[in-house]
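# Chain and residue survey
Residues per chain are reported as follows:
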Amino acid sequence: MGRFEGRGPPETVEYEPTSVKDLLVEMKDTAELLIDLSYSAVLHQSPNVAHEVLKLENKMDVLQLRARMSLMMAARSPDDAEALAPVLGVVAGADKVSDAAGDIAKIVIEEIGLPEAMRGALSEAVEMLVRATVTEDSPYAGRTLQDIDLESETGVRVIAIRRADDWILNPGPKTRLHADDVTILRGPEEAIDGVYKHTTGDPHEPAEPAEPDVENLERAVDSVVLMKNLSELAVDLAYGSVLFDNEELADEVTNLEVEVDALQSRFEAWTLRAAKEADDPVSLRGLIHLGVATETISDAALEITEGVLRDLDVHPVVELAVKESDEILTRVTVREGSKLAGTEVVAGVPATDVSQSVLAIRRPDEGWLVGPDLDTTLRAGDVVISKGTRTSAAEFSDLSA
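Residues numbered from 1 in each chain as written. Predicted model: local features only at pLDDT ≥ 70, side-chain atom pairs only at ≥ 80, totals over all residues. Heavy atoms only, no water.

### Topic: the overall build of the protein chain
To keep it simple, the criterion reads: Comment: elements are numbered from the N terminus, with helices defined as DSSP H or I runs of at least four residues and strands as E runs of at least two. Buried, partly exposed and exposed residues are distinguished by accessible area as a fraction of the type maximum, computed with a 1.4 Å probe on protein chains only: under 20%, between the cut-offs, and over 50%, respectively. Contacts were defined at the residue level, with two residues in contact if any of their heavy atoms lie within 4.5 Å.
A count of helices and strands for the protein chain gives 13 helices and 13 strands. Every one of the 401 residues in the protein chain was classed for burial, and the buried ones make up 51%. The long-range fraction of contacts in the protein chain, counting pairs at least 24 apart against all pairs at least 6 apart in sequence, stands at 77%.

Below, the structure is given as structure tokens:
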């Protein structure tokens, strides 16, 4: 039996037979939600969302401890240990992402503070995400997500639900909302306002972003926002590389980690220069915390890929986890004269008949283009990272050749 000190009250965790595959999938989903929630907490200066991050961080700690217990029980020989070592890397990386997200949330909880300019920049880099508690008289209480049909009607999606101390990640159409459920909503701001009011009975009142008033601070903020986008992409690619034993995706994680390290150096330089110009240099503490935590996320992504980069065989438990993934990541290089060369991409959607979302582009001599509003025209030589179904991914790869 292990005694675990989480961010919440200490919790006793006992070994119990658990599917490592299920634990890996849950850790992956939890890590991705943690990143979304932590940056959203900073953007909206929301202690409520920040506390949800700490609750999820506590859940992640329990998951990683159970995963380690199960892996230790499974290792009966040196060959077993070698096969399971990459899985431990995945577990450790997910836990490191969780810790970094918790550090970001504490910027709000501990009132460390951020320059108002940071929130202005994040508003363009973070999708609208809010925490809403279902009231007893909400028109959504007691109904399934399929019945409510929020996404079709409003474009708003329920990405997670906390019911007391239990989390429902990626809720499906048959998931029923109950009074007192804490829902995490994502969608366009104009639609979220109405959904939030229907859910809670109260109007949604987002804070107004401010414009930067110090030139060097604006450059520091721009650097950390790009670090955030690249680190988030690195985590996506890291899981894709492991789940599909794809060395090309793992190599891109390495490229991203190098880029984030370089951005971290520039970020530190611009922040120090901004401190010289700022009326209150102490107000930049939160920005420094955000930069350090963001860089840690890219390091965690690299740790997740270690087994792939070292050419260790993928353990069967990871192969089983692949079946839990509805969408897969692909990496293609646009060839001269291909159907993708010259194709316009607007808000991440390429002008093709293939239902594939472009997450990022690595362009020779220009670096990475990444973000929720990715608008560009694909060129020969572009390395394109996209997400879609297995069928659409294969079709997209064919268009690049």
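### Focus: helix α9 (residues 247-277)
Put simply, the rule is: To estimate the expected span of a helix, count its residues, drop one, and scale the result by 1.5 Å. Definition of a polar contact: a pair of N or O atoms within 3.5 Å, with one able to donate and the other able to accept a hydrogen when the atoms are protein atoms, and with sequence-neighbouring residues admitted only if both atoms are side-chain atoms.
The first and last C-alpha atoms of α9 sit 45 Å apart over 31 residues, in line with the 45 Å expected at 1.5 Å per residue. For α9, the capping residue at the N-terminal end is Asn-246, with a side-chain oxygen 2.9 Å from the backbone nitrogen of Glu-248.

### What to know about the pattern of salt bridges
Stated precisely, the cut-off is as follows: What counts as a salt bridge is simple: a side-chain nitrogen of Lys or Arg found within 4 Å of a carboxyl oxygen of Asp or Glu.
Applying the stated criterion to the full structure yields 15 salt bridges. Salt-bridge contacts for Asp-147 lead to Arg-143; the nearest nitrogen and oxygen are separated by 2.8 Å. Classification of Arg-143 as partly exposed rests on a relative accessible area of 26%. Note that Glu-366 and Arg-379 form a salt bridge whose closest N and O atoms lie 3.0 Å from each other. Taken together, the positions of Glu-366 in the loop between β10 (357-363) and β11 (367-370) and Arg-379 in the loop between β12 (376-377) and β13 (383-388) put the pair 13 residues apart, joining distant regions of the chain.

### With respect to the packing of aromatic side chains
Keep this limit in mind: Ring geometry is summarised as follows: Phe, Tyr and Trp rings, the Trp one being its six-membered ring, pair when their centres sit within 6.5 Å, and such pairs are stacked at plane angles under 30 degrees, edge-to-face over 60 and tilted between the two. Geometrically, a charge over a ring is one whose NZ (Lys) or CZ (Arg) sits within 6 Å of the ring centre while staying within 35 degrees of the ring normal.
Per the stated rule, a full pass over the model turns up zero aromatic pairs. Over the ring of Tyr-39 we find Lys-228, and its NZ or CZ is 5.5 Å from the ring centre. Here the basic side chain of Arg-273 rests over the ring of Trp-270, its NZ or CZ set 5.0 Å away from the ring centre.

### Observations concerning the sheet that holds strand β7 (residues 328-333)
Here is the rule: When DSSP finds at least two bridges between two strands, those strands are taken to pair. Note on geometry: axes are C-alpha line fits, over the in-contact stretch for helices, and angles between N-to-C directions span 0 to 180 degrees.
Across the sheet, which stays open at both edges, the four strands sit in the order β7-β13-β10-β11 with antiparallel pairing between neighbours. Each edge of the open sheet carries a strand with a single partner, namely β7 and β11. Taken pair by pair, the neighbouring strands of this sheet meet at an average axis angle of 20°, ignoring direction. Of the strand pairs in this sheet, β10 and β13 are connected by five bridges, and their pairing is antiparallel. Residue pairing across strands places Ile-361 opposite Val-384, the latter belonging to β13.

### Notes on the packing of helix α1 (residues 20-44) against helix α2 (residues 47-74)
Let me state the cut-off plainly: Should an angle lie under 35 degrees it is considered roughly parallel, over 145 roughly antiparallel, and from 65 to 115 roughly perpendicular; all remaining angles are considered oblique. By the definition used in this description, the sense in which the near helix is turned from the far one sets the handedness, with an anticlockwise turn below a right angle giving left-handed and a clockwise turn giving right-handed. Put simply, Ala, Val, Leu, Ile, Met, Phe, Trp, Tyr, Cys and Pro go in the nonpolar bin, Asp, Glu, Lys and Arg in the charged bin, and everything else, Gly too, in the polar bin.
Between α1 and α2, whose axes approach to 9 Å, the crossing angle comes to 160°. Taken together, the axes of α1 and α2 lie roughly antiparallel to each other. Note that α1 runs across α2; the crossing there is left-handed. Within the contact of α1 with α2, the residues separate by chemical class into 16 nonpolar, four polar and four charged.

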